Amino acid sequence: MSENNETADMSFGRGDNASKGPIIPKSANEALRPEQVPRPPRRSRKARSQLVIFLNFLMTVIVFVTIAAGAIFYYALDSFEKPGPLAANTNFIVRNGAGVNEIASSLERNDIITDSRVFRGMSRIYLKDAVLKAGEYEIRAGASMHDILELLQSGKSILYSVSVPEGLTVKQVFQRLTDDPVLEGDLPGDLPQEGTLMPDTYKFSRGTKRADVLQQMLAAQKALVQQIWEKRDDDLPIASPEELVTLASIVEKETGRADERPRVASVFINRLEKKMRLQSDPTIIYGIFGGDGKPADRPILQSDIEKQTPYNTYVIRGLPPTPIANPGRAALEAVANPSRTSDLYFVADGTGGHAFAETLDEHNANVRRWRKLEAEKAAEAAKAAQEAGQAGTPDGAGAQ
C-alpha cells in the first residue's frame, strides 16, 4: 500500500526530492506556474567590444553588396546577350579615335542598343586589351550588344571599291579618285610619273584617304614591275624596268585583247631590234593631248602624224621618254615574254582584232582589206539610217 502511494506521489511531479523531505502542498496557481528558466550567461566583454560590432556590420555590408552586385551583373549580362531593339539593318560609323564611351552613347542615341552603361561595362570585361576599330559597319536587325561588340572588334566593316582599268593615264586615275564619294582627303599636288600606278580594283572602308589608295597603287605597281622584270627574256632590246613599262603602255593602248598582246609586243620588239620607228598611233595622241586623252569625236589627222612631239613614234626613233598610260599585268608580261615572230606590221582587221604581216606588201594588202570593210560598214550604217528616217515619216505628213 505504501509503494502505491509513493508511486502516486511521483506521478504528481514531486520527483525524487519528494522522498527526501516533507511534502509541501502547492496551490493550483503555483502548480500551473512554469518553473523559472535559468538566465543565459552574460556576454563576455570581448564579444561586446566595438571592433567585433564593426566587423559584424562590415560582414553584413559585404554580403549585401555581393548580392546586389550579383543581381546587377545578372541584369547586365542578360541585357548584353538578349536581342536588341533594332528593327531593320542599319549602317553605323565608328570614327577614327572614337572610344568606347562615345561609341556606346552613339549606339544608344541611334536606338541600336537599349542601355549605353551596360555596353560600356561589359565592353571593359570582354575587350580587355583589345580596341574597337574605326569604319562603317552593317548592324543586323535585332543584334545583341554582344553581337555588336564582336563586330566592331573584328574590324569587318563595309568595303567599297574603286576600279582603275588598264590604259588610263595618271591624270585620269586622279580624276577617278577625286570623283569617288566615299574616299576622303586630297591627293598630292604633283602627279606621279606616268605608268607608276597599278590598274586594279581597290577595296577600302569609309574614311579611307585618297592619298592612302594612291600609295597602295604606287607600291603595287613597283612590286609587280620588279617581279616581271626579273623573269623577262634575256635578249630583249630593253635596258631597264622603266623601258619595259613604257613599251607595255604602248601595247596596252594598241589592243585590248589578251590573246593578241604577246604578238603585238613582238612587232614592237622586232622593230626595235631592226632600228625601225615604232609608228604607234597612241603615241601621237599622248604627244598632243597628254594625260587628258583624246576627245572621243576627234580623229587623228594627217598633220597629227607629222607633228613633232617627244612622243610621236612616227617621228622619233626608239621609245618615247615616258610611258603613255598605266599598263596592267598582262601587257607587262607580254613585253617581258613576247611571242616569237617575224611580224613587223599590224592593222585592225575589222572584227575587233588585228591582222599581222611580216612584209610591207602583206601589210598594205591588210590595210586595203580593212578599209574596204570600213567602207562597207559605213554604207550599211548610212542605208540603215536612211531607212529608219523613211519609216519614221508617214505618207502625207503635214498635208492636212
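About the cut-offs
Residues numbered from 1 in each chain as written. Predicted model: local features only at pLDDT ≥ 70, side-chain atom pairs only at ≥ 80, totals over all residues. Heavy atoms only, no water. Helix = DSSP H or I, 4+ residues; strand = E, 2+ residues; numbered from the N terminus. Buried < 20%, exposed > 50% of the residue type's maximum accessible area, 1.4 Å probe, protein only. Areas by Shrake-Rupley, 256 points an atom, 1.4 Å probe, with all protein chains shown as cover. Axes fitted to C-alpha atoms, helices over the stretch in contact; angles between N-to-C directions. Parallel < 35°, antiparallel > 145°, perpendicular 65-115°, else oblique. Left-handed = near helix turned anticlockwise from the far one by under 90°. Contact = heavy atoms within 4.5 Å. UniProt positions renumbered as here; feature names shortened; annotations may be inferred. Pairing = 2+ DSSP bridges. Core = buried A, V, L, I, M, F, W, Y, C linked by side-chain atoms within 4.5 Å. Arc of directions from axis to C-beta. Salt bridge = Lys/Arg side-chain N within 4 Å of Asp/Glu carboxyl O. Phe/Tyr/Trp six-rings, centres within 6.5 Å; stacked < 30°, edge-to-face > 60°.

A.B. asks: Sorry if this is basic, but what is going on with the overall build of the chain here?
C.D. replies: Along the chain, the regular secondary structure elements total 14 helices and six strands. Counting the 400 residues in the chain, one finds 34% classified as buried. Accessible area of the chain: about 25300 Å², with a carbon and sulfur share of 53%.

A.B. asks: How should I be thinking about the packing of helix α9 (residues 241-254) against helix α10 (residues 261-273) in this particular structure?
C.D. replies: Two measures define how a pair of helices packs: the angle their axes make with one another and the distance between the axes. Between α9 and α10, the least distance of the axes is 10 Å, while the angle of their chain directions is 130°. The pairing of α9 with α10 is recorded here as oblique in orientation. The element α9 and its partner α10 pack so that their crossing is right-handed. Counting all contacts with α9, which are made through L247, I250, V251, E252 and E254, the residues of α10 involved are R261, V264, A265, F268, I269 and L272.

A.B. asks: What is the right way to read the UniProt feature "site: Important for catalytic activity" (unreviewed entry) in the chain from this model?
C.D. replies: UniProt marks E254 with the feature "site: Important for catalytic activity" (unreviewed entry), using the numbering shown here. Within the secondary structure, E254 sits in helix α9. Look past the residues within four positions of E254 in its chain and what remains in contact with it is V264, F268, S280, D281, P282, F346 and H354.

A.B. asks: Explanation requested: the pairing of strand β5 (residues 345-348) in the structure shown.
C.D. replies: Put simply, side chains in a regular strand alternate between the two faces of the sheet. Pairing analysis gives four bridges linking β5 to strand β6 (residues 354-357), with the strands arranged antiparallel. Among the inter-strand pairings, Y345 is bridged to a residue of β6, identified as A357. Counting the residues between successive antiparallel strands, the hairpin from β5 to β6 contains five residues, one of them, G350, with a positive phi of roughly 85°.

A.B. asks: Got a minute to help me understand the nonpolar core in this structure?
C.D. replies: General note: in soluble globular proteins, nonpolar side chains tend to be found buried as a group. Membership of the largest hydrophobic core comes to 46 residues, with the highest contact counts inside it found for L177, M217, I238, L244, F268, L332 and V335. Put simply, the parts of the chain that give this core at least two residues each are α7 (170-179), β4 (201-205), α8 (210-230), α9, α10 and α13 (329-336). Per element, the largest residue contribution to this core is seven residues, and it comes from α8. For I238, the contacting residues outside a window of four places in its chain are W229, E243, L244, L247, I269 and V335. Grouped together as the second largest cluster of nonpolar side chains are 22 residues, F80, V118, M122 and I148 included.

A.B. asks: Explanation requested: helix α4 (residues 100-109) in the structure shown.
C.D. replies: Those residues of α4 that sit buried are I103, A104, S106 and L107. Viewed end-on, α4 has its buried residues packed into an arc of 165°, placing them on one side of the element. Here the buried face of α4 lies against β1 (90-94), α5 (116-127), β2 (135-139) and α6 (145-154). Directly after α4, the chain includes D111, whose backbone phi takes a positive value near 60°.

A.B. asks: Mind showing me how you'd approach the pattern of salt bridges here?
C.D. replies: Close approach of charged atoms allows side chains with opposite charge to pair. Scanning the model with the defined rule gives 13 salt bridges in all. As a salt-bridge pair, R340 and D233 come within 3.2 Å of each other at their nearest N and O atoms. Here R340 is found in the loop between α13 and β5, whereas its partner D233 is found in the loop between α8 and α9, with 107 residues between them in sequence. Among the residues examined, R340 registers a relative accessible area of 64% and is labelled exposed. Residue classification places D233 among the buried residues on the basis of a relative accessible area of 18%. Across the salt bridge formed by R329 and E333, the nearest N and O atoms sit 3.5 Å from each other. Taken together, the positions of R329 and E333, both in helix α13 and four residues apart, correspond to about one turn of that helix. By sharing partners, the salt bridges in this structure join D233, D235 and R340 into a single network.

A.B. asks: Teacher, can you tell me more about the pairing of β2 here?
C.D. replies: In terms of burial, β2 is largely enclosed, as four of its five residues are buried. Examined bridge by bridge, β1 and β2 share five bridges and lie antiparallel to one another. Each bridged residue has a counterpart across the sheet, and for I93 the counterpart in β2 is E136.

A.B. asks: What am I meant to see in the environment of Q227 here?
C.D. replies: Along the chain, Q227 falls in helix α8. We classify Q227 as partly exposed; its relative accessible area is 36%.

A.B. asks: Help me out: how do you make sense of the packing of aromatic side chains in this one?
C.D. replies: Evaluation of the coordinates by the stated rule reveals five aromatic pairs. When the ring of F268 is compared with that of F346, the centres are 5.8 Å apart and the planes differ by 85°; the resulting orientation is edge-to-face. You can see F268 sitting in helix α10 and its partner F346 sitting in strand β5, a full 78 residues away along the chain. Of the residues examined, F268 reaches a relative accessible area of 1% and is grouped as buried. Overall, the relative accessible area of 15% leaves F346 in the buried class. A ring pair is formed by F346 and F356, whose centres lie 5.8 Å apart and whose planes are at 45°; its orientation type is tilted. In this pair, F346 sits in strand β5 while F356 sits in strand β6, placing the two residues ten residues apart along the sequence. Residues F346 and F356 agree in their burial class; the two are buried. One aromatic cluster is present, formed by F268, F346 and F356 through successive ring pairs.

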